[in-house]
Amino acid sequence: MRSAMTVFFLAAMTLGLIRSPAHADDAKPRRAEGGAHTQTLPEADSSTPEERMKRRFPQKVRVGDLRGLPLLDEDDRTLGHVTEVVRMQNGRIVLVSRCDDWFGHGGRLVGIPIETVAILARHLNVLDIPRKDFPSLPSWKEADGAVIADDDIIRIAISRR
């Protein structure tokens, strides 16, 4: 009886029906990049923002659906809201938001490269720009690019918790 059970388990494992348990010396599991609580250290990841965006499974989204969405930092604190989606003269897409505002009023417009954010439900996670660096972003001016129409489709990375 015991040998029959051993043969059954060996056959099941060979066919992939039963997986062997993880061992302590197995490689450490990796978290999916783009989660809100994933910390990305610039010195640990030397890839460009475009390369990181490609690893975050970019999906099609209608531009009009991005306007008004909040931009959240790694602690889920609001950095601003998307006021415009703009194509720069070099072809790159930028999300325009107010920065340094006081309770949602005033502040200056800044451009956040679309490669540095990911969408999660009805908000955008700012993944590659720490909150402390947000005020140092260059100011955005209307002459810097052309507003993309609401019905146009662009690609944006997706995020998960």
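Cut-off values and rules
- Residues numbered from 1 in each chain as written.
- Predicted model: local features only at pLDDT ≥ 70, side-chain atom pairs only at ≥ 80, totals over all residues.
- Heavy atoms only, no water.
- Helix = DSSP H or I, 4+ residues; strand = E, 2+ residues; numbered from the N terminus.
- Buried < 20%, exposed > 50% of the residue type's maximum accessible area, 1.4 Å probe, protein only.
- Contact = heavy atoms within 4.5 Å.
- Areas by Shrake-Rupley, 256 points an atom, 1.4 Å probe, with all protein chains shown as cover.
- Polar contact = N/O pair within 3.5 Å; in protein donor to acceptor, adjacent residues only side chain to side chain.
- Pairing = 2+ DSSP bridges.

The name given to the protein chain in an unreviewed UniProt entry is PRC-barrel domain-containing protein, and the organism recorded there is Azospirillum melinis.

In this section: the overall build of the protein chain. Each helix and strand in the protein chain was counted, giving two helices and nine strands. Taken from the N to the C terminus, the helices and strands of the protein chain come in the order α-α-β-β-β-β-β-β-β-β-β. Here the protein chain, with 161 residues, has 34% of them falling under the buried criterion. Sequence separation of 24 or more characterises 60% of the internal contacts of the protein chain that already satisfy a separation of 6 or more. On the protein chain, roughly 10800 Å² of surface is accessible, and the fraction owed to carbon and sulfur atoms is 57%.

This next bit is on the environment of Arg92. The topology assignment puts Arg92 in the loop between strand E3 (78–88) and strand E4 (93–99). As for Arg92 and Pro113, which are separated by 21 residues in sequence, their C-alpha atoms are 7.7 Å apart. The contact partners of Arg92, leaving out residues within four places of it in the chain, are Glu50, Val86, Arg87 and Glu115.

Bringing the environment of Asp73 into the picture now. Mapped onto the secondary structure, Asp73 falls in the loop between strand E2 (70–72) and E3. The exposure class of Asp73 is buried, given its relative accessible area of 2%. For the pair Asp73 and Val117, spaced 44 residues apart in sequence, the C-alpha separation works out to 9.8 Å. Apart from residues lying up to four places away in sequence, Asp73 is in contact with Leu79 and Arg131. A polar contact of 3.0 Å, which involves the side chain of Asp73, links it to the backbone nitrogen of Asp75. Here the side chain of Asp73 touches Arg131 through a polar contact of 3.0 Å, side chain to side chain.

Let's shift gears to the pairing of strand E6 (residues 117–120). Of the two faces of E6, the one holding Val117 and Ile119 and the one holding Ala118 and Leu120 are both buried throughout. Bridge count between E6 and strand E7 (residues 123–126): four bridges; the pairing is antiparallel. Looking at E7, one finds that Val117 is bridged to Val126. Hairpin connection, E6 to E7: the antiparallel pair is bridged by two residues, and Ala121 has positive phi, about 60 degrees.

Here the phi dihedral of Asp76 falls at roughly 60 degrees; this positive angle occurs in a residue that is not glycine. Taking the relative accessible area as the measure of exposure, Asp76 reaches 33% and is therefore partly exposed. A positive phi angle, near 60 degrees, is found at Ala121, a position not held by glycine. Position of Ala121 among the secondary structure elements: in the loop between E6 and E7.

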